[in-house]
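Commentary on secondary and tertiary structure
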Amino acid sequence: MRHHDRPEESNGNNLRARRVALDTHDQLVVITRRDSPVCRSEGFSAHARVRLQTGDRRIIATLYQIDSELLALDEIALSESAWERLQVNEGDLVHIAHPQPLDSLGLVRGRIYGKSLGREEMHQIIADISAGRYADIHLSMFLTVMAARVPDDDELIHLTEAMINAGDRLRWPRDIIADKHSVGGLPGNRTTPLVVAMVTACGLWMPKTSSRAITSPAGTADTMETLAPVDLDLDQMRAVIEKEGGCVAWGGAVRLSPVDDMLIRVARLMDLDAEGQMVASVLSKKVAAGATHLVLDIPVGPTAKVRSSEEAEELSRRLHSVAEAFDLKLRILITDGSEPVGRGIGPALEARDLLAVLRNDADQPADLRRRAVRLAGALLELTGTAEQGCGEEMAESTLTDGRAWTKFQAICAAQGGLREPPLAARRHEMAASDAGEIVSIDNRRLARVAKLAGAPGAAAAGLEIHVKLGDHVDAGKVLYTIHAETAGELNYAREFAETNGIIKIA
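All residue numbers here refer to positions counted from 1 along the written sequence of the relevant chain. With pLDDT at 70 or above as the cut-off, local features in this predicted model cover only qualifying residues; side-chain atom pairs require 80 or more to be listed or tallied, and sums for whole chains, interfaces and linings still use all residues. To obtain the side-chain values, all non-hydrogen atoms of the structure were included, while hydrogens and water were left out.

**Some words on the overall build of the protein**
As a reminder of what qualifies: By definition, any uninterrupted DSSP run of H or I lasting at least four residues is a helix, any uninterrupted run of E lasting at least two residues is a strand, and each is numbered from the N terminus. Method for areas: the Shrake-Rupley scheme with a 1.4 Å probe, in which residue coverage is limited to the protein chains shown. The charged-residue count follows a simple rule in which Lys and Arg add positive charge and Asp and Glu add negative charge, with His and chain termini not counted at all. To locate a charge, take atom NZ for lysine, CZ for arginine, CG for aspartate or CD for glutamate.
When helices and strands are counted, the protein shows 18 helices and 18 strands. Along the first, second and third principal axes, the C-alpha atoms of the protein reach 80 × 50 × 50 Å. When the accessible surface of the protein is totalled, it reaches about 20800 Å², and 48% of it is carbon and sulfur. Placing the 59 positive and 73 negative side-chain charges of the protein at their respective mean positions leaves the two points 2 Å apart.

Structure (structure tokens):
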């Protein structure tokens, strides 16, 4: 028995901190021995919520227990996220106790039965989430109740404001700060880095913070990370902006609306993309990043996230309503979402597409270029940088003469260095069984194939599509190529693709 195993040496409800390099993402987790005298005396059991304190720092964590001597009786192991939040050193004494009851959970339960959430109530809920007081089951309950009964405009404004206030808020020494966002649901629609390069080449400032994938094979941050570092802290982000006027950084690394990232992690597990959460998620990050002018892309198609023009118009109305409450100038483009944009689906494959556009390669994906130019042109017009009707011409010129490519290289260098996207170790071609015309492409199932292949976790994984709607193909024509790092993932993706009608030919 080690000397720490003697229960008489423990000090009340104090346990000694152990760092065990346990990665739980942003979940705060602690581990003790099941026979720990402190746990027995307090009645702590596995999966209990516990409050830890050292000095004036406190966290709420989920307790797990072991029946082994990996830990001493007076030790408590902390996950990396808990260790960083509590800021302890090896062997420091940590006080463990029962947490205070969460009154805000009663507010969430009340909404299940039809009660709306006022400003103070919403702020109380989000403050508790931000402080780590909600377990995943509580976050799931909040997400579900907000999805099942769509919040009204006032609730959305309260939610957005509370999410902004829970994190940092950037202030910039310029009156106009540009931003752009797509609501997603369209594979390969990686226009953001292109728009940043074009508008900053025209003199605008665009401190772009982007998310990682929620339910898609790649988020903008995932794609950009194959080209340059994206985990910039606030000081690093400011330095890049002041030097180059633009950046593409992961929003979670700079604590802009950090509650959003906590909710996104659970929403991803639930495979849930609710309209209300989408509005608050998008606009809270934009306002927190200091944006004053925002262009927003809503792709509409039968297998996109937004499936009808009526749904797009209602989403547009709600976005305008919330944006107006925060003095955010907003222009929304409702675009074609009937098929993927570009060729690549997956972080590295999408990165290769945008590099082809920036470099003016002969085989660049023309549809990706057109869409990015349209969005950049709208942003140049919204900010007054270009006259109405002249924005696209101004944006296109930055690609044609190479200014956008030069600016993108400079931004990547400022963020830590431009790198070449990785290549997958394995590939499999999916060919047409019959000749005919491509009449439909299922975006969601294509995205599913890319995810089964390993995207976005394996950056080189995904798929490369070789056809567009309306193309005539012969039997045996390769429709798309699956990219994977492992044989198992390649087989999973291939089997799904072979048993689902993803691309229809008539």
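**Considerations on the side chain of Arg-49**
Worth spelling out the cut-off: Burial here depends on accessible area, computed with a 1.4 Å probe over protein chains only, as a share of the maximum for the residue type. Under 20% is buried, over 50% is exposed, and the range in between is partly exposed. In the sections that follow, a salt bridge refers to a side-chain nitrogen of Lys or Arg positioned within 4 Å of a carboxyl oxygen of Asp or Glu. In protein, a polar contact requires one atom able to donate a hydrogen and another able to accept it; more generally it is a pair of N or O atoms within 3.5 Å, and residues adjacent in sequence count only if both atoms are side-chain atoms. By definition in these notes, contact holds between two residues if any of their heavy atoms fall within 4.5 Å.
Of note, Arg-49 is situated in strand β3 (residues 49-54). The buried charged residue Arg-49 lacks any salt bridge partner; its closest oppositely charged side chain belongs to Asp-136, at an N-O distance of 7.1 Å. Only 2.8 Å separates the side chain of Arg-49 from the side chain of Thr-62, close enough to count as a polar contact. Separated by 3.5 Å, the side chain of Arg-49 and the backbone oxygen of Tyr-134 make a polar contact. Setting aside residues up to four positions removed in sequence, Arg-49 forms contacts with Ile-60, Ala-61, Thr-62, Pro-99, Gly-132, Arg-133, Tyr-134 and Ala-135.

**Points about the packing of aromatic side chains**
The following threshold applies: What counts as a ring pair is set by centres within 6.5 Å for rings of Phe, Tyr and Trp (its six-membered ring), and what kind of pair is set by the plane angle: stacked under 30 degrees, edge-to-face over 60, tilted for all other angles.
The tally for this structure, following the rule as stated, stands at two aromatic pairs. Each ring, one from Trp-172 and one from Trp-205, has its centre 6.1 Å from the other, and the planes form 90°; the classification is edge-to-face. One end of the pair, Trp-172, is in the loop between α6 (153-165) and β7 (178-182); the other, Trp-205, is in the loop between α7 (192-201) and β8 (206-210), with 33 residues separating them in the sequence. Trp-205 carries the same exposure label as Trp-172, and that label is buried. Both rings, one in Trp-405 and one in Phe-408, keep their centres 6.4 Å apart while their planes meet at 20°; by these two values the pair is stacked. With Trp-405 and Phe-408 both in helix α16 (residues 403-415) and three residues apart, the pair spans about one turn of that helix. Neither residue differs from the other here; Trp-405 and Phe-408 are each classed as buried.

**Some points on the packing of helix α5 (residues 136-148) against helix α10 (residues 258-270)**
For the record, the criterion: Only C-alpha atoms enter the line fits that serve as axes; for helices the fit covers just the stretch in contact. Angles between N-to-C directions range over 0 to 180 degrees. In what follows, roughly perpendicular refers to angles from 65 to 115 degrees, roughly parallel to angles under 35, roughly antiparallel to angles over 145, and oblique to any angle outside these ranges. Classes in brief: Ala, Val, Leu, Ile, Met, Phe, Trp, Tyr, Cys and Pro nonpolar; Asp, Glu, Lys and Arg charged; the others, Gly included, polar.
For the pair α5 and α10, interaxial distance at closest approach is 10 Å and the crossing angle is 80°. In terms of axis orientation, α5 runs roughly perpendicular to α10. Residue-level inspection shows Asp-136, Leu-139, Ser-140, Phe-142, Leu-143 and Thr-144 of α5 in contact with α10, the latter providing Met-262, Leu-263, Arg-265, Val-266, Ala-267 and Met-270. Looking at the contact of α5 with α10 residue by residue, the class counts come to eight nonpolar, two polar and two charged.

**Notes on unusual backbone geometry**
Residue Pro-456 is reached from Ala-455 by a cis peptide bond, and omega for that bond is 0°. Relative to the helices and strands, Pro-456 resides in the loop between α17 (443-452) and β15 (462-465). Positive phi is not limited to glycine here, since Ala-21 has a value of about 55°. By secondary structure assignment, the location of Ala-21 is in the loop between β1 (14-19) and β2 (29-33). Classification of Ala-21 as exposed rests on a relative accessible area of 62%. Despite not being glycine, Gln-87 has its phi angle at roughly 55°, a positive value.

**Describing the sheet that holds strand β10 (residues 293-300)**
Selection rule: Two strands pair if DSSP finds at least two bridges between them.
If you trace the three strands from one edge of the open sheet to the other, you get β7-β10-β11, paired in parallel fashion. Single-partner strands in this sheet number two, and they are β7 and β11 (329-336). Neighbouring strand axes in the sheet, compared pairwise and without regard to direction, differ in orientation by 20° on average. As paired strands, β7 and β10 are joined by five bridges and run parallel to one another. Residue pairing in the sheet places Lys-180 in a bridge with Val-295 of β10. In the packing of helix α11 (residues 275-288) onto the sheet, contacts are made with β7 and β10, and the angle to β7 comes to roughly 165°. Where helix α14 (residues 366-382) meets the sheet, its contacts fall on β7, β10 and β11, and the angle it forms with β11 comes to roughly 160°.

**A look at the side chain of Thr-223**
With respect to the helices and strands, the residue Thr-223 is situated in helix α8 (residues 220-225). Setting aside residues up to four positions removed in sequence, Thr-223 forms contacts with Arg-190, Ala-218, Pro-347, Glu-350, Ala-351 and Leu-354.

**A word on the pattern of salt bridges**
A full pass over the atoms with the stated rule returns 36 salt bridges. Across the salt bridge formed by Glu-121 and Lys-115, the nearest N and O atoms sit 3.0 Å from each other. Residue Glu-381 is joined to Arg-331 by a salt bridge in which the shortest nitrogen-to-oxygen separation is 3.1 Å. Here Arg-331 lies in strand β11 and Glu-381 lies in helix α14, a separation of 50 residues in the sequence. The exposure class of Arg-331 is partly exposed, given its relative accessible area of 29%. Here the residues in one salt-bridge network are Asp-153, Glu-275, Glu-314, Arg-317 and Arg-318, joined through shared partners.

**Overview of the sheet that holds strand β18 (residues 503-505)**
A sheet is described by the order of its strands in space; here three strands give the open sequence β16-β14-β18, paired in antiparallel fashion. Of all the strands in the sheet, the pair left with one neighbour each is β16 (472-473) and β18. Pairing analysis gives three bridges linking strand β14 (residues 436-441) to β18, with the strands arranged antiparallel. Each bridged residue has a counterpart across the sheet, and for Ser-440 the counterpart in β18 is Lys-504.

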